[in-house]
Amino acid sequence: TQLDQSLINLTQTKLRYLPTTSISVSHSTDLNGFVNPENSTSKAIALHQTKLTLGFTWQIWDWFSTHREIRNVDKDHEIAFLNLRETHLRSKTEFQNFLDQYEVFKKTIEASDLLVSKAEKMQRFYREIYRLGRGTLINVQQSNSRLFDARVSLADRLKEKYLLIAKILFNMGYDLVPPNKM
C-alpha cells in the first residue's frame, strides 16, 4: 500500500545517512619466496599473510540537506498515513450509512408487502362481489390496478435494496458490475 511504501522510503532515507562501517579480511599465501636456512635440502616454506581492514565513515558535512530530505520523506509518510485514516473513516461512514439505508429499505419492503397482500384481498373481494352480481366491472378493474401498482412498488423497493447491496459489495472490492451500470 501507499503507507507501506512511504515507510520503506523513510527507513531507506534514514539508513542512507547513518554512519557506516566496513570490515574486510584478506589472506594471501606466497609459495616461492622463503627458503629455510637450517634445512640442507632447501625446502621452500610458504609465507602466510592475513590483513584485516576496518573502516568507519559518516557524512556530517551535508547534515542540513540530509535532515531536509528526511523531513520531506517523513512528511510524505505522514500524508500517506492521514490519507489511509481518511479512507478508513470514509469507509466506516459509508458502511454505517449503508446499514441505515438497509434498515429503511427493510421497513419499506415490509410495508409494500403488506400493501400487496391487502390489494390481493381487495381484488378477491371485488371479484367475488362481481361474481355474485352485486359489484361492477369497474370495481374489479380498479382493484386489479391497485394490485398492479402495489406489486410494481414492491419490485422497485426490492430493486433499490439489491442495488444498495451491490454498491456496497463493489465498494468493498468484489468484482461486480458497477451499480451505476445496472
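Here the structure is a predicted model, which means the values were calculated and not measured.

How each quantity is defined
- Residues numbered from 1 in each chain as written.
- Predicted model: local features only at pLDDT ≥ 70, side-chain atom pairs only at ≥ 80, totals over all residues.
- Heavy atoms only, no water.
- pLDDT = per-residue confidence, 0-100.
- Helix = DSSP H or I, 4+ residues; strand = E, 2+ residues; numbered from the N terminus.
- Patch = residues over 30% accessible without salt bridge, like charges linked within 9 Å, V, L, I, M, F, W, Y side chains within 5 Å.
- Areas by Shrake-Rupley, 256 points an atom, 1.4 Å probe, with all protein chains shown as cover.
- Salt bridge = Lys/Arg side-chain N within 4 Å of Asp/Glu carboxyl O.
- Core = buried A, V, L, I, M, F, W, Y, C linked by side-chain atoms within 4.5 Å.
- Buried < 20%, exposed > 50% of the residue type's maximum accessible area, 1.4 Å probe, protein only.
- Contact = heavy atoms within 4.5 Å.
- Polar contact = N/O pair within 3.5 Å; in protein donor to acceptor, adjacent residues only side chain to side chain.
- Phe/Tyr/Trp six-rings, centres within 6.5 Å; stacked < 30°, edge-to-face > 60°.

Below, the discussion takes up the confidence of the model for the protein. Confidence in the prediction of the protein, expressed as mean pLDDT, is 80, and 80% of residues score 70 or more. Mean pLDDT values for the elements of the protein range from 66 in strand E1 (residues 20-35) up to 90 in helix H3 (residues 137-171).

Residues Ile23, Val25, Leu52 and Leu54 make up a contiguous nonpolar surface patch of roughly 490 Å² in combined accessible area. Contributions of two or more residues to the nonpolar patch are made by E1 and strand E2 (44-57). Relative to the assigned elements, Val25 resides in strand E1.

Of all hydrophobic cores here, the largest spans six residues; its members are Ile109, Val116, Ala119, Leu147, Ala150 and Leu154. Sorting the residues of this core by element identifies helix H2 (63-132) and H3 as the ones contributing at least two each. Leaving out residues up to four positions away in the same chain, Ala150 has contacts with Leu115, Val116 and Ala119.

Turning next to the environment of His77. With respect to the element layout, His77 can be found in helix H2. Overall, the relative accessible area of 18% leaves His77 in the buried class. Note: C-alpha distance between His77 and Leu10 (67 residues apart in sequence) is 7.1 Å. If near-sequence neighbours (up to four positions away) are discounted, His77 is found in contact with Leu3, Ser6, Leu7 and Leu10. At 2.9 Å, the side chain of His77 and the side chain of Ser6 are in polar contact.

As a further point, take the packing of aromatic side chains. Counting across every chain of the model gives three aromatic pairs. Considering the side-chain rings of Phe95 and Phe98, the 5.8 Å spacing of their centres and the 35° angle between planes classify their relative orientation as tilted. A residue pair is termed a helical-turn pair when its members lie 3 or 4 positions apart in one helix, as Phe95 and Phe98 do in helix H2 at three residues. When the ring of Phe125 is compared with that of Tyr126, the centres are 5.5 Å apart and the planes differ by 70°; the resulting orientation is edge-to-face.

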